[in-house]
Amino acid sequence: MITDQHPIGTGFTAATTADDVLAGIDLTGRDVVVTGGHGRLGHETSRALAAAGASVTVAARDTDRASAAVADIPGVRVEQLDLTDPASIDAFAARWSASGRPLHALVNNASTLFTPDRQLDARGNERSFSTAHLGHFQLTRALLPALLEARGARVLTVTSGAARNGEIRWDDLAFASGYDAGAAYGQAKRANVLFTVELDRRYADQGIRALAAHPGVIIGPGPHDPSRIASYRQQGLVDEHGATIIDPSNGKKTIEQGAATLVLGAASPLLDGIGGVYLKDGDVAVIDDEVRPLTADSIPADANSAMLDPDDARRLWTLTEQLLA
């Protein structure tokens, strides 16, 4: 039964930035892990949390690249993590456990972009699903002892408005037939929300709250890849000159605005006692079950009942355990 999926009146808006959300909040003494915390949205999330006093560990596949990217953020650590490699995930969790530190917030941020061709990990799983869902599922479970030790932890998983229409292909998760890049991405993002629902159900009573966050559509300031300009223009993301359109009320945001909802979920006391919900525009999103088309002027991204379905959440949890066994 869906009960907490409604705005709580945070006072924030679609135009709020990460620094706005964390203004006046002291995160000194809190340890945070951000997967992919060196790239655009992840970088801003890491920067804002560190600026508020948190000790941030960026988990990245390419540690040299990540270290160079976060060199401008004082005190941020970089650790190796490949979310498509079970051994790498276990090694990361073992190093964290050996450090003896509790984990106050885990930000499951890393994902893969749309790929026109079907790609598989070493175990035969579709790559976007493997990275965004399977890898984060295994990582979260491996870090449960540290999260429990924090006695009040958050697991924030970055999803997308694509979760509204994304469907879990229960009998063909790897898209052995009928591969479509958009459908694969939508499945991974739907999985992120369902994972959040079931994680919170299982561990809320033990002090771990889970939330999913949609940052908005963020393509960055540019210059953009020339091969993407036509698509961006069709989606209403750039103007006739190829310049990025910023319109937060319609979901088109700067990196700083997109990171606001992530740090809200990861660290804001406004969400204490709340979990199993989907965040958008600096608050808990409303539920909107109307079928709304995606157009250049409208990017539907509110929650719907299907992406929060508790039965699907339990089913996906069980299936994921089987895939990772």
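This structure is a prediction, so every number in the text was calculated from the model and none was measured.

Engineer: Explain the packing of aromatic side chains residue by residue, including any values.
Structural biologist: Overall, the coordinates contain 4 aromatic pairs when judged by the stated rule. Arranged with centres 4.6 Å apart and planes meeting at 65°, the rings of Phe-137 and Trp-317 form a pair that is edge-to-face. Of this pair, Phe-137 sits in helix 5 (residues 127-142) while Trp-317 sits in helix 10 (residues 310-324), and the two are 180 residues apart along the sequence. Like Trp-317, Phe-137 is buried. Over the ring of Trp-96 we find Arg-101; its NZ or CZ atom is 3.9 Å from the centre of that ring.

Engineer: Lay out helix 10 with the relevant residues and their values.
Structural biologist: Over its 15 residues, helix 10 runs 21 Å from end to end, which matches the ideal 21 Å to within 8%, given 1.5 Å per residue. Looking only at helix 10, the buried set comprises Ala-313, Leu-316, Trp-317, Leu-319, Thr-320 and Leu-324. Of the surrounding secondary structure, the elements contacted by the buried residues of helix 10 are helix 5 and helix 7 (181-203). The N-capping residue of helix 10, defined by a side-chain oxygen 3.0 Å from the backbone nitrogen of Asp-311, is Asp-309.

Engineer: Can you break down the pairing of strand 7 (residues 277-280) residue by residue, with the values?
Structural biologist: Neither face of strand 7 is open: one carries Val-277 and Leu-279, the other Tyr-278 and Lys-280, and all of them are buried. Relative to strand 7, strand 6 (residues 208-214) is paired through 4 bridges, and the arrangement is parallel. Considered in strand 7, the bridge of Ala-213 is made with Leu-279. The sheet contact formed by strand 7 and strand 8 (residues 283-284) spans 2 bridges and is antiparallel. Following the sheet pairing, Leu-279 is matched in strand 8 by Val-284.

Engineer: So, the nonpolar core: which residues are in play, and what are the values?
Structural biologist: Core analysis: the biggest nonpolar cluster contains 46 residues, and Leu-103, Leu-106, Leu-139, Leu-143 and Leu-147 have the highest contact counts within it. If you tally residues by element for this core, the top one is helix 7, at 7 residues. Once residues within four sequence positions are removed from consideration, Leu-147 is found in contact with Leu-103, Leu-106, Thr-140, Ala-153, Arg-154, Val-155 and Ile-208. In this structure, Ala-259, Leu-262, Leu-271 and Val-277 belong to the second largest nonpolar core, which totals 39 residues.

Engineer: A description of the packing of helix 2 (residues 40-51) against helix 9 (residues 255-267) should follow, citing residues and the corresponding values.
Structural biologist: Packing of helix 2 against helix 9 leaves a shortest axis separation of 9 Å and a crossing angle of 55°. Relative to helix 9, helix 2 is oriented oblique. Remark: the crossing between helix 2 and helix 9 carries right-handed chirality. Of the residues in helix 9, those touching helix 2 at Arg-40, Leu-41, Glu-44, Thr-45, Ala-48 and Leu-49 are Ile-255, Glu-256, Gly-258, Ala-259, Leu-262, Val-263 and Ala-267. Taken together, the residues of the contact of helix 2 with helix 9 break down into 8 nonpolar, 2 polar and 3 charged.

Engineer: Can you lay out the pattern of salt bridges for me, pointing to particular residues and giving the numbers?
Structural biologist: The tally for this structure, following the rule as stated, stands at 18 salt bridges. When the shortest N-O distance is used, the salt bridge between Asp-121 and Arg-123 registers 3.8 Å. Taking relative accessible area as the criterion, Arg-123 reaches 36% and is therefore assigned partly exposed. For Glu-321, the salt bridge is made with Arg-141, and the minimal N-O distance between the two is 3.2 Å. With Glu-321 in helix 10 and Arg-141 in helix 5, this pair connects stretches of sequence that are 180 residues apart. Taking relative accessible area as the criterion, Glu-321 reaches 29% and is therefore assigned partly exposed. Each of Lys-253, Lys-280, Asp-281 and Asp-302 takes part in salt bridges that share partners, so that together they form one network.

Thresholds applied
Residues numbered from 1 in each chain as written. Predicted model: local features only at pLDDT ≥ 70, side-chain atom pairs only at ≥ 80, totals over all residues. Heavy atoms only, no water. Phe/Tyr/Trp six-rings, centres within 6.5 Å; stacked < 30°, edge-to-face > 60°. Helix = DSSP H or I, 4+ residues; strand = E, 2+ residues; numbered from the N terminus. Buried < 20%, exposed > 50% of the residue type's maximum accessible area, 1.4 Å probe, protein only. Lys NZ or Arg CZ within 6 Å of the ring centre and 35° of its normal. Expected span 1.5 Å × (residues − 1). Contact = heavy atoms within 4.5 Å. Polar contact = N/O pair within 3.5 Å; in protein donor to acceptor, adjacent residues only side chain to side chain. Pairing = 2+ DSSP bridges. Core = buried A, V, L, I, M, F, W, Y, C linked by side-chain atoms within 4.5 Å. Axes fitted to C-alpha atoms, helices over the stretch in contact; angles between N-to-C directions. Parallel < 35°, antiparallel > 145°, perpendicular 65-115°, else oblique. Left-handed = near helix turned anticlockwise from the far one by under 90°. Nonpolar A, V, L, I, M, F, W, Y, C, P; charged D, E, K, R; others polar. Salt bridge = Lys/Arg side-chain N within 4 Å of Asp/Glu carboxyl O.

From the geometry alone we can't say anything about function, so treat these as descriptive.
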